[in-house]
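# Notes for the structure review
This is what each chain is made of:
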Amino acid sequence: MQHGIDILKLWDAAGGFARGVLAVMAIMSLWSLSVAISKLIMIRKSQVATRKFAPEFSRAIKEENLEKAIALSERKEFLISHVAKVLGGALAEVKPLIQDRATITSADINSAERAVEREMLITLAEFKRGMGVMATVGATAPFVGLLGTTMGIVTAFTGMAAAGASGGLAGISAGIAE
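Keep in mind it's a predicted model, so treat the numbers as computed, not measured.

Parameters at a glance
Residues numbered from 1 in each chain as written. Predicted model: local features only at pLDDT ≥ 70, side-chain atom pairs only at ≥ 80, totals over all residues. Heavy atoms only, no water. Helix = DSSP H or I, 4+ residues; strand = E, 2+ residues; numbered from the N terminus. Expected span 1.5 Å × (residues − 1). Bend = angle between axes of the 7 residues up to and from the residue. Buried < 20%, exposed > 50% of the residue type's maximum accessible area, 1.4 Å probe, protein only. Core = buried A, V, L, I, M, F, W, Y, C linked by side-chain atoms within 4.5 Å. Contact = heavy atoms within 4.5 Å. Phe/Tyr/Trp six-rings, centres within 6.5 Å; stacked < 30°, edge-to-face > 60°.

The subject of this paragraph is helix H2 (residues 16-62). Between its terminal C-alpha atoms H2 stretches 68 Å, which fits the 69 Å expected from 47 residues at 1.5 Å a residue. Maximum bend of H2: about 30°, positioned at Phe53, with proline Pro55 one to four residues after it. Along H2, the residues classified as buried are Ala18, Val21, Met28, Ser32, Val35, Lys39, Ser46, Ala49, Thr50, Phe53, Phe57 and Ala60. Where H2 terminates, the next one or two residues include Glu64, which has phi positive at roughly 55°.

Structure below.
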């Protein structure tokens, strides 16, 4: 005696609308899963690159070697690091200000702060790219599932109406299963 659910039998017994709902749910699931996996890979690669970048960058800053620090942040192996993007982009922008230390004004300092903030916002936007898909799928998937459930109930009631009062369980079982 088997007590399991055979997915293929359920698919064969489902009507066209139920199959459509299942297809939409499968597409939404695969889409959100692909976004989640790509974000996970992106974050992991960024973390690995940052662990390699940070000590070298810190050493260059301690040595007051700005050119070396900027060059480090532009190296291909560190381009994926979120820290390298922010610090390298900001340093490249404020490099002319730092080279002429005698005439640094408060406006120059504000400009440097804005450069860091701008680079942080750009990097954050890159990390957030694709998250709208996750939000959309998360918000709409329950309603798509509810639509399938509602149509199954409609099918059950249609079976009851077709069988009349004597239809019993056989008349509504297809709709309930759907």
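That shown, we press on.
Of all hydrophobic cores here, the largest spans 12 residues; its members are Phe53, Phe57, Ala60, Leu66, Ala69, Ile70, Leu72, Phe78, Ala84, Leu91, Val94 and Ala115. Within the residue set of this core, elements represented by two or more residues are H2, helix H3 (66-74) and helix H4 (82-99). Per element, the largest residue contribution to this core is four residues, and it comes from H3. Not counting residues within four places of it along the chain, the set of residues in contact with Leu72 comprises Phe53, Glu56, Phe57, Ala60 and Phe78. If you look at the next biggest cluster of nonpolar residues, it comprises seven residues, including Met28, Val133, Val137 and Val144.

Where two aromatic rings form a pair, the distance of their centres and the angle of their planes describe that pair. Under the definition given, this model contains two aromatic pairs. On the numbers, 5.4 Å between centres and 65° between planes, the contact of Phe53 with Phe78 is edge-to-face. Taken together, the residues span a long stretch of sequence, with Phe53 in helix H2 and Phe78 in the loop between H3 and H4 at a distance of 25 residues. When its relative accessible area of 0% is taken as the criterion, Phe53 is described as buried. Judged by its relative accessible area of 0%, Phe78 is buried. Among the aromatic residues, those joined into a ring-pair cluster are Phe53, Phe57 and Phe78.

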